[in-house]
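A closer look at the structure
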Amino acid sequence: MATHNTAFPRELEDEAMYILREVAAQFEKPVLLFSGGKDSITLVRLAQKAFYPARIPFSLLHVDTGHNFEETIRFRDELVEELGLELIVRYVQDSIDQQKVTEETGKYASRNVLQTVTLLDAIEEFGFDACIGGARRDEEKARAKERIFSVRNDFGQWDAKKQRPELFDMLNGRINMGENVRVFPISNWTELDVWNYIREEQLAIPSIYYSHERETFERDGQILPYSSFMMVSEDEPVSTRMVRFRTVGDMTCTAAVESTAVAIEDIIAEILSATVSERGARIDDKRSEAAMEKRKQAGYF
């Protein structure tokens, strides 16, 4: 196993903890959006350190599509129990049953877009005025436009032209009735920063981030995990491959990469040599050139 002298810049941790403390100071009812993925795991650790020795002063919210990786859900529940955190789960299936959203059909059907309605309903149900998320500017060009305090209107919609300047680290949390703010404490981190932080903090992560055997099939040049949620054609043979996942999302739109990485150092080595961003493994981003921006305008994370 090769050793890489890529150190995590601790000023990024300081900035993220400052942001989290500002959230606690400026908002009445914040919540941390938690998927069980590496970025939200990182946020939990940052929150632990930001408020130590007190407990994390906000709940965790997971919008469950029902098509998540079992390993991720299991990890989520174990982490919440270990740390004694309050976890709120709201289900896309409930939104479907209530006829608020319509299940997609066909080869490329996914529940990923449907999460937006479930999230907005949860924000209204609990009166959350700030939702802390793990998005980073290096992920995708629409993410790069985000402020750290990203204001959403009373319909949960994002307008890039109405975002506030954030000069000299001044974070303005003032909002009008009905508005809420999405907060991104690790906006300035890269994928490599996250992995170096996980290594230095010795954080546990779901097993799907490491190389493992999984039934997969190829579609449009991507390796997808086989599951009962997927409509697989006869010309898409299922085979067992050694793969891992760089990002965790709905199984129907999260592609795998062939890999032999079984340790953090191996993952870091792969990232250093990668020519495609981690969002390159998200099928939902490929629906159109502006797929992410359109989802954000509708209220997406």
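For the structure itself, look to the data block above.
What comes next concerns the included structure. (Residues numbered from 1 in each chain as written. Predicted model: local features only at pLDDT ≥ 70, side-chain atom pairs only at ≥ 80, totals over all residues. Heavy atoms only, no water.)

Some words on the overall build of the protein chain
- Counting its regular elements, the protein chain contains 8 helices and 10 strands.
- A fraction of 74% describes how many contacts in the protein chain between residues 6 or more apart in sequence connect residues 24 or more apart.
- Per element, the accessible surface of the protein chain, about 14,200 Å² overall, is 50% carbon and sulfur. (Helix = DSSP H or I, 4+ residues; strand = E, 2+ residues; numbered from the N terminus. Contact = heavy atoms within 4.5 Å. Areas by Shrake-Rupley, 256 points an atom, 1.4 Å probe, with all protein chains shown as cover.)

So, the nonpolar core
- Within the largest apolar cluster, 54 residues are counted, with the highest numbers of intra-cluster contacts made by Leu46, Phe149, Trp189 and Trp195.
- Looking at this core, the elements that each hand over two or more residues are helix H1 (10-26), helix H2 (38-51), helix H3 (70-83), strand E4 (130-132), strand E5 (149-152), strand E6 (180-183), helix H6 (191-201) and helix H7 (264-273).
- It is H2 that contributes the most residues to this core, 7 residues altogether.
- Dropping the residues within four chain positions of it, tryptophan 195 is found in contact with Lys38, Ile205, Tyr209, Ile264, Ile267, Ile268 and Ile271.
- By size, the runner-up hydrophobic cluster in this structure holds 14 residues, among which are Leu61, Val63, Leu114 and Cys131. (Core = buried A, V, L, I, M, F, W, Y, C linked by side-chain atoms within 4.5 Å. Buried < 20%, exposed > 50% of the residue type's maximum accessible area, 1.4 Å probe, protein only.)

Section: the side chain of aspartate 250
- Of note, aspartate 250 is situated in the loop between strand E9 (239-244) and strand E10 (257-258).
- No salt bridge forms around the buried aspartate 250; measuring N to O, its nearest opposite-charge neighbour arginine 111 is 6.3 Å away.
- At a separation of 2.9 Å, a polar atom in the side chain of aspartate 250 contacts the side chain of threonine 65.
- With residues near it in sequence (within four places) discarded, aspartate 250 still touches Thr65, His67, Ser110, Arg111 and Asn112. (Lys, Arg positive; Asp, Glu negative; His and termini not counted. Salt bridge = Lys/Arg side-chain N within 4 Å of Asp/Glu carboxyl O. Polar contact = N/O pair within 3.5 Å; in protein donor to acceptor, adjacent residues only side chain to side chain.)

Some remarks on the pairing of strand E8 (residues 222-225)
- Alternating residues of E8 divide into Gln222 and Leu224 and Ile223 and Pro225, and every residue in both groups is buried.
- Taken together, the 4 bridges between strand E7 (residues 212-219) and E8 define a ladder with antiparallel strand orientation. Counterpart to glutamate 218 in the pairing with E8 is isoleucine 223.
- Linking two consecutive strands that pair antiparallel, namely E7 and E8, is a turn of 2 residues; a positive phi of about 55 degrees is found at aspartate 220 within it. (Pairing = 2+ DSSP bridges.)

Quick notes on the sheet that holds E6
- Across the sheet, 6 strands lie side by side as E3-E2-E1-E4-E6-E5; this open sheet has mixed pairing. The outermost strands of the open sheet, each flanked by one partner alone, are strand E3 (87-91) and E5. Looking at each pair of strands side by side, their axes are set apart by 30 degrees on average, direction ignored.
- Sheet topology note: the E4/E6 ladder contains 3 bridges and is parallel. Of the residues in E6, the one forming a bridge with cysteine 131 is arginine 182. (Axes fitted to C-alpha atoms, helices over the stretch in contact; angles between N-to-C directions.)

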